[in-house]
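Each chain, written out:
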Amino acid sequence: MSKNLHLPAIGLGTYNLRGREDGRAVTSAIAVGYRLIDSAFSYENEGIVAEGVARAVDEGHAAREELVVTSKVPGRHFGRDRALWAVEESAARMRPIGPIDLYLIHWPNPAQDLYVDTWRALIEAREQGLVRHIGVSNFLPEHIARLEDESGVLPAVNQIESHPRFPNTEQIAYDASRGILTEAWSPIGRSGELLTDPVVAAVAQAHGVTPAQAVLAWHVARGVTPIPKSSSPQRQAENLAAADVVLTAEEVAALTALGRPDGRLKGQDPAVYEEM
Ligand SMILES: NC(=O)C1=CN([C@@H]2O[C@H](COP(=O)(O)OP(=O)(O)OC[C@H]3O[C@@H](n4cnc5c(N)ncnc54)[C@H](OP(=O)(O)O)[C@@H]3O)[C@@H](O)[C@H]2O)C=CC1
Ligand SMILES: O=C(O)C(=O)[C@@H](O)[C@H](O)C(=O)CO
């Protein structure tokens with residue numbers, strides 16, 4: 001892995017993948033071409049994700065150094081000591097693949113007010129070689145500015161909610177202005193009503209692709225790396241192929257116009273939401 005982090009156009013989400021059988025979905029994803037794999041301490045799947053990655057490498061689907069395997073520290077382990085223990089625990093669960101490529105603070109939890117101490121722990125973990133790159137998730141500009149002011153270190157990545165119902169365009173612009181790469185979670189809206197929206201259907205039809213592919217191509221056009229979750233090798237391949245679908249500026253604007261202020265899937269506003 002080079003010193004600077006590079007993200008592929010599209011990655012794989014793993015929320016709700018559980019057990020050894022589901023770990024095979026990680027292997028199949030790498031076999032069809034995924035190079036970015038998401039996970040989190042809270043998903044309770046770091047072990048099977050690492051097992052799936054190790055199997056893919058053993059089977060020759062990718063070289064270990066091509067992969068960006070990600071995990072995240074949850075609020076219940078915030079603070080300098082607890083966060084370091086959490087990284088050590090994640091690293092132990094992911095032992096088969098060696099150092100974790102990217103480690104994020106899962107939510108800022110502003111009322112808890114421990115994200116700066118937690119960030120210092122991630123900086124230490126990186127210095128110790130437990131993780132290669134560090135970043136954040138669900139951070140607003142005010143949270144990122146505080147990290148920079150108090151530690152002098154900016155995150156490599158901010159993983160945020162983004163989909164056409166909640167484009168989160170200003171946060172993406174802020175991240176870009178600070179040299180931070182943005183990943184989009186729930187990028188196809190958890191496969192809900194978004195995929196039957198007539199505007200999505202029209203864009204999909206114009207390119208002869210599926211609604212999920214049209215939405216994923218919208219993320220790519222906006223310079224964001226979406227991390228759709230799928231346990232089906234067929235849908236994994238479908239989603240990854242969206243990286244080659246090029247939308248017009250008008251199509252991008254039409255999908256962005258589907259956004260609405262209350263468009264968050266579960267109302268999780270990082271300014272007030274706390275997740276332990
Ligand atoms: N940092 C954070 O706070 C958060 C991070 N995340 C991360 O983001 C990832 C993605 O978000 P997630 O919430 O899972 O939602 P997604 O938007 O990725 O949707 C996943 C759902 O869509 C289905 N699906 C996948 N591909 C297709 C397709 N081509 N057509 C139709 N349906 C499809 C999946 O089913 P099937 O598996 O059967 O294909 C699954 O039910 C998570 O898995 C997790 O890694 C998610 C939420 C919050
Ligand atoms: O899945 C994640 O990474 C989360 O942070 C959760 O908040 C998820 O969004 C969720 O919906 C849990 O109920």
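An unreviewed UniProt entry lists the protein under the name Aldo/keto reductase, with Actinomyces respiraculi given as the organism. What UniProt records for the protein under Sequence similarities (unreviewed entry) is the sentence "Belongs to the aldo/keto reductase family."

**Let's talk about the sheet that holds strand E3 (residues 100-105)**
Strand order in the open sheet formed by seven strands is E1-E2-E3-E4-E5-E6-E7, with parallel pairing between adjacent strands. The open sheet has two free edges, formed respectively by strand E1 (36-37) and strand E7 (225-226), since each of these has just one partner strand. Here strand E6 (residues 181-185) pairs with E7 via two bridges, running parallel. Within E7, the position partnered with Glu183 by the bridge is Thr225. The sheet contacts of helix H4 (residues 115-127) involve strand E2 (68-73), E3 and strand E4 (131-137), and relative to E4 the element is tilted by about 160°.

**Here's the deal with the pairing of E3**
Counted residue by residue, E3 has six buried out of six residues, so it is predominantly covered. Pairing geometry for E2 and E3, over four bridges, is parallel. From the neighbouring strand, Ser71 faces E3, where its bridge partner is Tyr103. The parallel pair E2 and E3 is bridged by helix H3 (residues 80-93), and the resulting crossover is right-handed.

**Things to note about the UniProt feature "domain: NADP-dependent oxidoreductase" (unreviewed entry) in the protein**
Under the local residue numbering, the UniProt record ascribes the feature "domain: NADP-dependent oxidoreductase" (unreviewed entry) to residues 10-258. The span residues 10-258 carries 45% helix and 13% strand; its end-to-end C-alpha distance comes to 22 Å.

**Details of empty space enclosed by the protein**
Following the criterion strictly, the structure yields one cavity of 30 Å³ or more and no others. Reported here for the largest cavity is a volume of approximately 70 Å³. The wall of the largest cavity is formed by Trp107, Asn138, Phe139, Leu140, Ile160, Glu161, Asn168, Gln171, Trp185, Arg264, Gln268 and Pro270. Grouping the constituent residues of the lining of the largest cavity by class yields six nonpolar, four polar and two charged.

**A few points about the packing of aromatic side chains**
Pairs of aromatic rings are described using the distance from one ring centre to the other and the angle between the two planes. Scanning the model with the defined rule gives four aromatic pairs in all. Arranged with centres 5.3 Å apart and planes meeting at 75°, the rings of Tyr115 and Phe139 form a pair that is edge-to-face. Of this pair, Tyr115 sits in helix H4 while Phe139 is found in the loop between E4 and helix H5 (141-151), placing the two residues 24 residues apart along the sequence. Relative accessible area serves as the criterion here: at 4%, Tyr115 is assigned to the buried category.

**A closer look at the site of ligand 2**
Around ligand 2 lies a shell formed by Tyr15, Tyr43, His106, Trp107, Arg190, Lys266, Gln268, Tyr273 and Glu275. Here an oxygen atom of ligand 2 and a side-chain polar atom of His106 are 2.7 Å apart. One of the side-chain N or O atoms of Arg190 is found 3.3 Å from an oxygen atom in ligand 2. About the coverage of ligand 2: the protein hides 83% of its 330 Å² of free accessible area. The site holding ligand 2 turns out to be the largest pocket.

**Some details on the nonpolar core**
Of all hydrophobic cores here, the largest spans 67 residues; its most connected members are Val53, Tyr103 and Trp119. With seven residues, H4 is the largest single contributor of residues to this core. The contacts of Trp119, once residues within four sequence positions are left out, are Ile105, Ile134, Gly135, Val136, Leu147, Ser151, Val153, Leu154 and Pro155. Ranked by size, the runner-up nonpolar core spans seven residues in total, among them Leu5, Leu36, Val157 and Ile227.

So, how was this worked out
Residues numbered from 1 in each chain as written. Chains lettered and ligands numbered in written order. Predicted model: local features only at pLDDT ≥ 70, side-chain atom pairs only at ≥ 80, totals over all residues. Heavy atoms only, no water. UniProt positions renumbered as here; feature names shortened; annotations may be inferred. Pairing = 2+ DSSP bridges. Helix = DSSP H or I, 4+ residues; strand = E, 2+ residues; numbered from the N terminus. Contact = heavy atoms within 4.5 Å. Axes fitted to C-alpha atoms, helices over the stretch in contact; angles between N-to-C directions. Buried < 20%, exposed > 50% of the residue type's maximum accessible area, 1.4 Å probe, protein only. Right-handed = clockwise from strand over helix to strand, strands pointing away. 1 Å grid on protein atoms, 1.4 Å probe; cavity = no way out; pocket = protein on both sides within 12 Å on 5 of 7 lines; lining within 4 Å. Points joined across faces, edges and corners; volume = space filled by probe spheres on them. Nonpolar A, V, L, I, M, F, W, Y, C, P; charged D, E, K, R; others polar. Phe/Tyr/Trp six-rings, centres within 6.5 Å; stacked < 30°, edge-to-face > 60°. Near = heavy atom within 4 Å. Polar contact = N/O pair within 3.5 Å; in protein donor to acceptor, adjacent residues only side chain to side chain. Areas by Shrake-Rupley, 256 points an atom, 1.4 Å probe, with all protein chains shown as cover. Sits in = over half its atoms within 2 Å of the grid points. Core = buried A, V, L, I, M, F, W, Y, C linked by side-chain atoms within 4.5 Å.

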